[in-house]
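Each chain, written out:
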Amino acid sequence: MKEKLKFEKNLDELNKHIKKLNQKFNYLKNVYEIPLNGNYIETIIEDDNDDTLDVIAYRFSKFQDTLGRSIRLWLYLKGENIENLTMIDILNLANKFGINIDTQKWFDLRSLRNSISHEYEDNYEKIADTLNQIYNYLDELNFIIKVLGEA
């Protein structure tokens, strides 16, 4: 029962993070234009009152970290023995249960997480590219949360 509570807490956390990500990307889409470019990023960074990039960086990093724990717990609650499985094995097993995240996507998400956490503020094109890639994954991430929530 303890794992069920952990899973529910993680799912709540995922929902909070994805909600903020959706809100911030909707803002970017409405105020600027997606795909983003370096000029948009420079404008956002120069606006001291705009915390959009910081919120996206924080929420996406937390989302990605929590997602790994949540998938493990989800599989455990389904009765799967996950104790000694690698993340690759976890993802392959999750795929069999309807969570459409293969190892390549997982490592792409990890790479984006690392990239957004270590961006240099003067490389606006790279920041824009990273944000565009995260935006392109949003529908899939929303779907994964939906599948996890149906557990």
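Cut-offs applied
Residues numbered from 1 in each chain as written. Predicted model: local features only at pLDDT ≥ 70, side-chain atom pairs only at ≥ 80, totals over all residues. Heavy atoms only, no water. Helix = DSSP H or I, 4+ residues; strand = E, 2+ residues; numbered from the N terminus. Areas by Shrake-Rupley, 256 points an atom, 1.4 Å probe, with all protein chains shown as cover. Lys, Arg positive; Asp, Glu negative; His and termini not counted. Charge placed at Lys NZ, Arg CZ, Asp CG, Glu CD. Axes fitted to C-alpha atoms, helices over the stretch in contact; angles between N-to-C directions. Parallel < 35°, antiparallel > 145°, perpendicular 65-115°, else oblique. Left-handed = near helix turned anticlockwise from the far one by under 90°. Nonpolar A, V, L, I, M, F, W, Y, C, P; charged D, E, K, R; others polar. Buried < 20%, exposed > 50% of the residue type's maximum accessible area, 1.4 Å probe, protein only. Salt bridge = Lys/Arg side-chain N within 4 Å of Asp/Glu carboxyl O. Contact = heavy atoms within 4.5 Å. Core = buried A, V, L, I, M, F, W, Y, C linked by side-chain atoms within 4.5 Å. Polar contact = N/O pair within 3.5 Å; in protein donor to acceptor, adjacent residues only side chain to side chain.

Caption draft 1: Expanded view of the overall build of the protein chain. On a plain count of helices and strands, the protein chain comes out with 6 helices and 0 strands. Going residue by residue from the N terminus, the α and β elements of the protein chain occur as α-α-α-α-α-α. By principal-axis analysis of the C-alpha atoms, the protein chain measures approximately 50 × 25 × 20 Å. Accessible area of the protein chain: about 8,700 Å², with a carbon and sulfur share of 45%. Looking at the protein chain, you have 20 positive and 26 negative side-chain charges, and the mean spots of the two groups are 10 Å apart.

Caption draft 2: Summary view of the packing of helix α1 (residues 2–31) against helix α3 (residues 52–77). Where α1 meets α3, the axes come as close as 8 Å, and the angle between the chain directions of the two elements is 150°. In terms of orientation, α1 and α3 fall into the roughly antiparallel class. Between α1 and α3 lies a crossing of left-handed hand. A per-class count over the contact of α1 with α3 returns 17 nonpolar, 5 polar and 10 charged.

Caption draft 3: Examining the side chain of Arg 59 more closely. Position of Arg 59 relative to the elements: it lies in helix α3. Of the side chains with opposite charge, Glu 13 comes closest to the buried, unpaired Arg 59, at an N-O distance of 7.6 Å. Sequence-distant contacts of Arg 59, that is, excluding residues within four places in its chain, are made with Lys 16, His 17, Lys 20 and Leu 21.

Caption draft 4: Representation of the environment of Ala 57 in the model. If you trace the backbone, Ala 57 turns up in helix α3. Accessibility expressed as a relative area gives 18% for Ala 57, which makes it buried.

Caption draft 5: Quick look at the nonpolar core. Counting residues in hydrophobic clusters, the biggest one holds 44 residues, and the most contacted among them are Leu 67, Ile 71, Ile 99, Ile 101, Leu 131 and Leu 148. Of all the secondary structure elements, the ones that give two or more residues to this core are α1, α2 (38–46), α3, α4 (87–96), α5 (103–117) and α6 (124–149). Sorting elements by how many residues they give to this core places α6 first, with 11 residues. Among all residues touching Leu 131, those that are not within four sequence positions of it are Phe 25, Leu 36, Ile 41, Leu 53, Ile 56 and Ile 116.

Caption draft 6: Up close: the environment of Thr 66. Within the secondary structure, Thr 66 sits in helix α3. With relative accessibility at 0%, the residue Thr 66 sits in the buried group. For the pair Thr 66 and Glu 13, spaced 53 residues apart in sequence, the C-alpha separation works out to 7.5 Å. The residues touching Thr 66, leaving out its near neighbours within four places in the chain, are Asn 10, Glu 13, Leu 14 and His 17. Of the polar contacts made by the side chain of Thr 66, one reaches the backbone oxygen of Lys 62; its length is 2.8 Å. Within the local environment of Thr 66, its side chain forms a polar contact with the side chain of Arg 69, the two groups lying 3.2 Å apart.

Interpretation in functional terms is not warranted from these geometric data alone.
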